[in-house]
Amino acid sequence: MWIPPEEIDPILLHEPTRKSVAVFGAVRPADGRLLTQRCESFNASTFLSFLQRLVRHRRRGHIMVVVTDNARWHHAKALEPWLKKHRKTIQLDFLPPYSPELNAIERVWKLTRRLCTHNRYFATMEELVEIVFMQFDKWYKSNHTLQRLCAIN
């Protein structure tokens, strides 16, 4: 911002910029359906809770393959008993380190930021969360936007 030298520098009040919201998400590339879950923080128990919810959306007769990065909660020993019990319905597939471009959900997060948060001011964190989750709700059902974005070539 440019200010003429004879004027007093303005004081800009703003919210702290280091707030965050923890959201797990999965997208089914075949039809673009998105499933998300907000949680207090990322850890093994919240990830397990998301997997339990996710497996209920599995197509009958198919094994659900969940592509994940190498976050420590994805490898937690606390998940092993549940994953072993459900090995015929769900499996985790870990991406190579430092390769977010291979993870379809990363494309969804990027599109969400572009559509919902770029060049917008939110007075509160809850206002931002409301706008973002309204977009997620639109993508809960099958849709061509995410289907094209996450297509497996």
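Residues numbered from 1 in each chain as written. Predicted model: local features only at pLDDT ≥ 70, side-chain atom pairs only at ≥ 80, totals over all residues. Heavy atoms only, no water.

A. Quick look at the overall build of the protein. Helix and strand content of the protein: five helices and four strands. Beginning at the N terminus, the succession of helices and strands in the protein can be written as β-β-α-β-α-β-α-α-α. For the protein, the residues scored as buried account for 37% of the 153 residues in total. Expressed as a percentage of contacts within the protein between residues at least 6 apart in sequence, the contacts between residues at least 24 apart total 63%. Summing over all exposed atoms, the protein offers an accessible surface of approximately 11,200 Å²; the carbon and sulfur share of this is 55%. (Helix = DSSP H or I, 4+ residues; strand = E, 2+ residues; numbered from the N terminus. Buried < 20%, exposed > 50% of the residue type's maximum accessible area, 1.4 Å probe, protein only. Contact = heavy atoms within 4.5 Å. Areas by Shrake-Rupley, 256 points an atom, 1.4 Å probe, with all protein chains shown as cover.)

B. Region of the structure containing the environment of Lys88. The residue Lys88 is located in the loop between helix H2 (80–85) and strand E4 (90–94) in this model. Exposure remark for Lys88: the relative accessible area of 70% places this residue in the exposed category. Considered as a pair, Lys88 and Gly61 are 27 residues apart in the sequence and their alpha carbons are 9.6 Å apart.

C. The nonpolar core, seen in detail. Ranked by internal contacts, the top residues of the largest apolar core, which has 22 residues, are Phe47, Leu51, Leu54, Trp82 and Ile90. Every element with two or more residues in this core is listed here: strand E1 (22–28), strand E2 (33–39), helix H1 (44–55), strand E3 (64–68), H2 and E4. For this core, the element with the highest residue contribution is H1, accounting for seven residues. Ignoring any residue separated from it by four or fewer positions in sequence, one finds Leu51 in contact with Trp82, Leu83, Ile90 and Leu92. In this structure, Trp109, Val129, Phe136 and Cys150 belong to the second largest nonpolar core, which totals 16 residues. (Core = buried A, V, L, I, M, F, W, Y, C linked by side-chain atoms within 4.5 Å.)

D. Seen up close, the pattern of salt bridges. Evaluation of the coordinates by the stated rule reveals three salt bridges. Close ionic contact of Asp31 with Arg28 constitutes a salt bridge, the shortest N to O distance being 3.0 Å. Owing to a relative accessible area of 24%, Arg28 belongs among the partly exposed residues under this scheme. The salt bridge involving Arg38 is made with Glu126; its shortest N-O contact spans 3.2 Å. Of this pair, Arg38 sits in strand E2 while Glu126 is found in helix H4 (residues 125–138), placing the two residues 88 residues apart along the sequence. (Salt bridge = Lys/Arg side-chain N within 4 Å of Asp/Glu carboxyl O.)

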